[in-house]
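The residues making up each chain are set out below.
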Amino acid sequence: MTSAYNDIWVYNLAVAKEAKKWWKHGYVEQDQLTAIQHSYQAPFYHPNFTIRILLFIAALFASSGITGFFTLLVADTGRDFISFACIVYGAASFFILEKLFISKNHFKSGVTEAILYHSCGFVIGGIGGLSDFNNVHGILFVCLIVFSFAAFRYLDLLCTIAATLVAAGFLFFEFYSLGGIFQQIIPFVFIIVFTALYFIVKSLQKRGVLKLWYNNLLIVESISLLLIYAGGNYFVVRELSVAMLGLTIQEGKDIPFAFIFYTLTVLIPIAYLYFGVKNKDIVFLRVSLLVVAFSAFTFKYYFSLGHPEITLTIAGIILIGIAIGVMHHLKTPRYGFTRENLLSEKWGSMNVQAFMISQTMGGNQPGVDQSSMPGGGSFSGGGSTNDF
Amino acid sequence: MTKETPKELFEKGFITAEQFQKIDAITSGKVVSVFYELRTLLYLGVMLFTAGFGILIYLNIGELGHMLSIIALSVLTITCFGYAFKHAVEYTHENVKAPNPYYDYVVLLGALLFITVQGYIQFQYGFLTDNLGFSTLLTAAFFFFIAYRLDHVGVLSLAITALASFWSISVSPQKWYSGNFFSDSHLYNTAIFFSTVLSSIAVALTKREIKTHFTFTYLNFCFLLFFVGSILGLLEGELWGIYLLAIYAGSVLAFYVARWKKSFLFLLYAFVAAYIATTYFLARTIFAEAIEIWFLYSIASCGGFIYFIIKYKNYFKQDD
């Protein structure tokens, strides 16, 4: 089995997109870009992002209308028959997706995603329905298979995320239901399994196989790093132990192996940051920023002095300090790092940022009709960010 | 796209050796840009700091000594703007490149602290309470000045928000899902009026080529406000015919603006608004009860829509 798309075209499209970025940053000339676009052609229908969203919404509505008709047909039959019909309907949608759209060169056009998720949903729902939604092992396993299939065959990124998370859930649940000592070692199993997955992904990337799935591998790589961290994080382990394993922690006592988890909560972010800087690995760097924040949260959560506003202020000052310090330090590029923008990212524009600012801070300007509590409102907007 | 692509393009003669070296350094990861990471950190820092500082003062009102806290805040605010004006590039109608990478964030910090000061003074002394509208208007005017003088889109969006809240319109989704949006019954008319006037001004400014990169932010606010306002007016039910026409007019306008500005976000708003309006119209007039018709309707309308978009795909191409 392979991807549903013509791999040369997928590659060509990616090259043409990348060349356009180079052109925007002035690395290549206009006529060079035209030449590249001319020889790296793909007949795909792959509209811009907004049109894709529009088509996605429209396709969801249209398919729910079709679903509605079928619902009327099978509504009076038994539960098993409906479940079975769902599976057939889902499988048929996969077929329609390929025959009606992908064969007409739709490539991630919004319509394809809508039908894909629709198909996945019905297949999973149907199989779940057959087992009365009781068999969690089975449902998780089916989810894993279906999402992996969708991620692999249609290069879909959301399905990749779903597949990786379901894999983690499956692993957790299997060990959880074994009980006893197996429940205790879940964190270590997570760390070992996802470290292994990380290195598998890395070696796949290095060997250049699966280059069609470049972005999917990038996602698996990032999520693996996050899950390794989650396996060792004190907060995650403690709260899950209390919630799932029924652990009760008495005053002055702590979870088993607490020391190990404290250490890991500190060490993993540092290790990520170290490897990120040493290997100039942007994935490591980005993940490390996230997990540093979560580690800070973990320690604040259990050793809080009860002044979140002081924490926020100090955290803000530290972040501003670090950012300005590093920017200053990288005035001239050092160790291969630069503060300049080499290639633009899609969401990096100032317009997006402006919208963010007005939504997080500006939205709660004191209004005329709120005069009973003037000014108070202007703070709460910022409060939405205090999950730090 | 792989790490070998630049080499391949070089060997095929699409790019020169010099260009290849430059590009290959980036794609192979020899040079890594931390541009977005640093900016995100700065942005988060500014947000956390102003939020934390705001709450800190709010909780300790009366304990810290009012004058002291106002002075501390004001000094910080003035420092930010002092720095900003000292390093400011001369005003032009064009897009101005910030003198250094943290410049924009200093301006943003100043603006957010300014809101805190204003809110604090209002809360503590109350003498602005009676003139709350006036003080909001003053904030808006000041922010517009900063946005244009220092060329800051973020502060511009704060200015528009402040101006909108002078008219008691809240422009935040946080308000939408908490159900407080347009709590006053006729606020949607205000919103429609406000967005029409503001967008006309924005278009006039664009025609004169004054800060054309601000147009998107203006129009984004205006279209959102206009469509939400007129849809709420429509659902209110009494004069729904008028609002229906307003939505159609707005959609046609958004369609042309989307073509003009090459921004398909407006097209998205237009189609969604027009679809809601049409569906409402049909629900009130032609078909009311039979559920099958609704299924048929969603298939036909959305299917037709998809067909239309794909058929005229060249019309929706973004050529930037």
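Residues numbered from 1 in each chain as written. Chains lettered and ligands numbered in written order. Predicted model: local features only at pLDDT ≥ 70, side-chain atom pairs only at ≥ 80, totals over all residues. Heavy atoms only, no water.

Caption draft 1: Main features of helix α2 (residues 17-27) of chain B. Considered for burial, the residues of α2(B) that qualify are Q19(B), F20(B), I23(B), D24(B), A25(B), I26(B) and T27(B). Packing partners of the buried residues in α2(B) comprise α1 (7-24) and α2 (30-39) of chain A together with α1 (5-11) of chain B. Immediately downstream of α2(B), the backbone of G29(B) shows phi near 85°, a positive value. (Buried < 20%, exposed > 50% of the residue type's maximum accessible area, 1.4 Å probe, protein only. Helix = DSSP H or I, 4+ residues; strand = E, 2+ residues; numbered from the N terminus. Contact = heavy atoms within 4.5 Å.)

Caption draft 2: Quick peek at the nonpolar core. Counting residues in each nonpolar core, the largest one holds 70 residues, and the members touching the most others are L116(A), F147(A), Y154(A), F223(B), F227(B), L234(B) and F266(B). In terms of residue count, the dominant contributor to this core is helix α6 (residues 136-154) of chain A (9 residues). Apart from residues no more than four positions distant in its own chain, F227(B) is found in contact with I247(B), G250(B), S251(B), A254(B), Y269(B), A270(B) and A273(B). By size, the runner-up hydrophobic cluster in this structure holds 66 residues, among which are I320(A), Y43(B), A162(B) and A191(B). (Core = buried A, V, L, I, M, F, W, Y, C linked by side-chain atoms within 4.5 Å.)

Caption draft 3: Expanded view of the domain arrangement of chain B. All names here are of chain B. Domain annotation of chain B identifies domain 1 (1-32), domain 2 (36-166) and domain 3 (177-320). Listed as interface residues are 18 residues of domain 2 and, on the opposing side, 12 residues of domain 3. Around 1,300 Å² of area is buried between domain 2 and domain 3 when both sides are counted, 71% of it from carbon and sulfur atoms. On the domain 2 side of the contact with domain 3, H93, Y148 and I160 bury the most area, a combined 43% of that side's loss. Across the domain 2-domain 3 interface, the total number found is 1 salt bridge. The shortest N-O distance in the salt bridge between K211 and D151 comes to 2.7 Å. Our count for the domain 2 to domain 3 interface comes out at 3 residue pairs in polar contact (both at pLDDT 80 or more). At the level of elements, α6 (132-150) and α7 (153-166) are the ones that each hand at least two residues to the side of domain 2 that touches domain 3. Among the elements that line the side of domain 2 that touches domain 3, the one with the most residues is α7, at 7 residues. (Domains from an automatic or database assignment. Buried area = accessible area lost by both parts, 1.4 Å probe. Salt bridge = Lys/Arg side-chain N within 4 Å of Asp/Glu carboxyl O. Polar contact = N/O pair within 3.5 Å; in protein donor to acceptor, adjacent residues only side chain to side chain.)

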